Structure formats: structure tokens, C-alpha cells
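Residue-level listing of the chains:
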Amino acid sequence: MSTKPTYILAIESSCDDTAAAVLADNKVLSNVVARQEIHEEYGGVVPELASRAHQQNIVPVVDIALKKAGITKEELQGIAFTQGPGLMGSLLVGGSFAKSLALALDIPLIAVNHMHAHILCHFIDESGYDQPTFPFLALTISGGHTQIVQVNSFFDLKVLGETTDDAVGEAFDKSAKILGFPYPGGPLIDKYAKEGNPKAYPFTKPKVEGLNFSFSGLKTQFLYFIQKQVAENPNFIEENKADICASIQHTIIKILMDKLKLAVELTGITQIAIGGGVSANSGIRATLKEAEQKYKWKTYIPKFEYTTDNAAMIGIVGYYRYRESLFADSSVVSKARIEF
């Protein structure tokens, strides 16, 4: 006798993407994302414009997610939403919608930590992708966060190290901006780096104790280097674009890998899972696969669509919280900053 799956609607609105997904237990039935292209002309996300776009997008995105999943809203058993961290105006749109719909349908409301979701996206039932076993180390790398987390169970997570200033995604995007690339520039650095020499221009790695990270000094060093070279040769960037990108990417990846190796030494845990938007970077993925062979680690790299902000990852946390009856009530508030 088959049991009916638990249908969870998930909503993600932490930054500039409006996303909705429907999960049947831990399987994704639909995963819809509406991207906001308006920010490109400003060279970064404008919070006020982002929240307005969320208001326009959220109803059609949820409607499409339900239709793609082939279910009605009356079949839903829970609604998960991103409580934080993120842009406050954006979070409020998703949170308010989730509260209203859960109240109208008289079903549980589930508040989800965005960073928790980046980690648990590995537990989405996806053909061809293995799921890590506990405990494992999670390297979460995105535009706003850089963390190494020890994951002992679905809800027992300990932050071992994090950035003391800029996130790794910001380091990529700011470096790209210095080079005159359009926003978001991180993927362009990855693209050009494939053709360049990673040892062409050595950059100094910051000295940070323990498992914490710092990227602001590297960003400043890169700015001064480019300014000096362009002053001597106005065509320096165009003539050496691939080598510049390969060199800065190589340095950033070296910083991440050195901390990851230290975390393995300190914990004895050799299962490594990455998540967050920057985990889409091909250089990081390749380096992690090489490390798997070199250090006998077991590495887990999520499906590409689950790396950037999406609602499926919110839904998988929602599913596991639903199983434990970890529900929120209508008094729950969105938070720009939130801990595990």
C-alpha cells in the first residue's frame, strides 16, 4: 500500500530572484525562478528595486510552480519560506505571502534559514547525485556568505569558520568590476580563466587565523595591481584578460582549499559538500574533484540549478522540518541576519 507524499510549497526571496518550488517528500516536482535583470545597469542589486520586483513576480511564479508540479494549492501540506538571511525588503515579500497562503489554506508554515538550505540541497532526491552521510563538512560559498560548517545531522550544524569581511562571491564580482566586466561579473572571470595561466600574476593570500576567511585585502591588492598596470599600459586588461582572470581565480580557490584542508585536519572528517552560488564556478568544482583523488576525500557537488538561489533547497529543509513538526506561527519575523 503506497502512502501519499507530503507536498511542500517553498518560496525563496532573499535577494533578487523570486523563486517557488513544489516538493513531494524529497523529490522536486517543479523549481521556478524569475530573475531580475534590472540590476545589471546599476552594477549590483538595488534593494528597493528588488523588493518591488518580488511583489510583481511572486504570484505568477507560485502559480507556475503549482501548475508544473501538477497539483492544486489545496493538496499542499505545508509552506516553507526563507526567513533569512538576506535583504530585508525582499524577505518580507516572501514571508508575508507564505504567511497569508498558509493561513488561508490552514496548513503549517515553515521558516527556513537560507544558508541551512544551501547545505541540505544535497539531500534532494536527484538521479545521478549521491547524498552525504553524517558527519560532513559543508563549504558554503556565495555572494553574501563564506562558511565552513560541520554538519552532524539535519539540524545539528556548527560553524567552524566564516569570513571576517567580504564573501568570496563579492571578491569575484568586485574583481570583475575592477576589470570593467558587466554585473554579475563572477561567471565572466570563470569563463576567461579557462584560457589563461593561473600563475601569471601571483597575489598574496591573507593571513587569517584558524578557519576564518578574509577577502577585502585581496580585493584591494587586486585593485592597486590593475591600476598600476593600466597606468603603464592602457591596454593591459584587454591584452592579458585571460591570465588576469586565471590568476585571481587561482588565488581565491587556493584560499578556500587551504582552509578546507585545515578543517579536515582538525575534525578528521573527509566528506566535503559545497553549496551556494559560487559553487557553480568550474575552477572550484575541478579543484575539489582533484582534491578528492589527491587526499582521498569524498566530495559532493550539487546539481547546477541548486547552487544559485532557488526554492527547491528551501523546500528540502521544509520537508525535513515538516517531518519533525518544526513549524512557525504567524508571529515569525523575517531577519536580515540569522544564525543556525
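Residues numbered from 1 in each chain as written. Predicted model: local features only at pLDDT ≥ 70, side-chain atom pairs only at ≥ 80, totals over all residues. Heavy atoms only, no water.

1. Some remarks on the packing of aromatic side chains
Right, so step 1: Enumeration according to the criterion identifies 16 aromatic pairs in this entry.
Right, so step 2: Taking the centre distance of 5.6 Å and the plane angle of 65° together, the rings of Phe203 and Phe222 count as edge-to-face. Note that Phe203 is positioned in the loop between α5 (186-193) and α6 (216-232) and Phe222 in helix α6, a separation of 19 residues in sequence.
Right, so step 3: For Phe203, a relative accessible area of 10% puts it in the buried group.
Right, so step 4: When the ring of Tyr322 is compared with that of Phe327, the centres are 5.6 Å apart and the planes differ by 55°; the resulting orientation is tilted.
Right, so step 5: The exposure class assigned to Tyr322 is partly exposed, which follows from its relative accessible area of 22%.
Right, so step 6: For Phe327, a relative accessible area of 39% corresponds to the partly exposed category.
Right, so step 7: One aromatic cluster is present, formed by Phe123, Phe134, Phe136, Phe154, Tyr319 and Tyr320 through successive ring pairs.
Right, so step 8: Here Lys241 stacks its cationic end above the ring of Tyr192, 4.5 Å away from the centre of that ring.
Right, so step 9: Just above the ring of Tyr300 sits the side chain of Lys298; from NZ or CZ to the centre is 5.4 Å. (Phe/Tyr/Trp six-rings, centres within 6.5 Å; stacked < 30°, edge-to-face > 60°. Helix = DSSP H or I, 4+ residues; strand = E, 2+ residues; numbered from the N terminus. Buried < 20%, exposed > 50% of the residue type's maximum accessible area, 1.4 Å probe, protein only. Lys NZ or Arg CZ within 6 Å of the ring centre and 35° of its normal.)

2. A closer look at helix α8 (residues 241-267)
Right, so step 1: Its 27 residues place the ends of α8 39 Å apart at the C-alpha level, agreeing with the 39 Å of an ideal helix rising 1.5 Å per residue.
Right, so step 2: Among the residues trailing α8, Gly268 stands out with phi positive, at a value near 75°. (Expected span 1.5 Å × (residues − 1).)

3. Quick word on the layout of surface pockets
Right, so step 1: Taken as a whole, the second largest pocket encloses approximately 470 Å³ of empty space.
Right, so step 2: For the lining of the second largest pocket, the secondary structure elements donating two or more residues are α5, α8 and α9 (282-295).
Right, so step 3: The residue inventory of the lining of the second largest pocket, partitioned by class, reads eight nonpolar, six polar and seven charged. (1 Å grid on protein atoms, 1.4 Å probe; cavity = no way out; pocket = protein on both sides within 12 Å on 5 of 7 lines; lining within 4 Å. Points joined across faces, edges and corners; volume = space filled by probe spheres on them. Nonpolar A, V, L, I, M, F, W, Y, C, P; charged D, E, K, R; others polar.)

4. Let's talk about the UniProt feature "binding site: substrate" (unreviewed entry) in the protein
Right, so step 1: UniProt annotation of "binding site: substrate" (unreviewed entry) refers to Thr140, Ile141, Ser142, Gly143, Gly144, Asp173, Gly186, Asp190 and Asn281 when read in the numbering used here. None of the other annotated residues line the second largest pocket; only Asp190 do.
Right, so step 2: Take Ile141: it is sitting in strand β6 (residues 136-141).
Right, so step 3: According to the relative accessible area criterion, Ile141 is buried, its value standing at 0%.
Right, so step 4: Those residues in contact with Ile141, other than ones at most four positions away along the chain, are Thr146, Val168, Leu256, Gly275, Gly276, Gly277, Val278, Ser279 and Ile284.
Right, so step 5: Its place among the elements puts Gly143 in the loop between β6 and β7 (146-151).
Right, so step 6: The class of Gly143 is partly exposed, set by a relative accessible area of 46%. (UniProt positions renumbered as here; feature names shortened; annotations may be inferred. Contact = heavy atoms within 4.5 Å.)

5. Notes on the packing of α6 against α8
Right, so step 1: One can describe the packing of α6 onto α8 by two numbers: an axis separation of 12 Å at closest approach and a directional angle of 165°. Considering the angle they form, α6 stands roughly antiparallel to α8. Remark: the crossing between α6 and α8 carries right-handed chirality. Seen from α6, the contacting residues are Leu218, Phe222 and Ile226; seen from α8, they are Ile244, Ile248, Thr251, Ile252 and Ile255. (Axes fitted to C-alpha atoms, helices over the stretch in contact; angles between N-to-C directions. Parallel < 35°, antiparallel > 145°, perpendicular 65-115°, else oblique. Left-handed = near helix turned anticlockwise from the far one by under 90°.)

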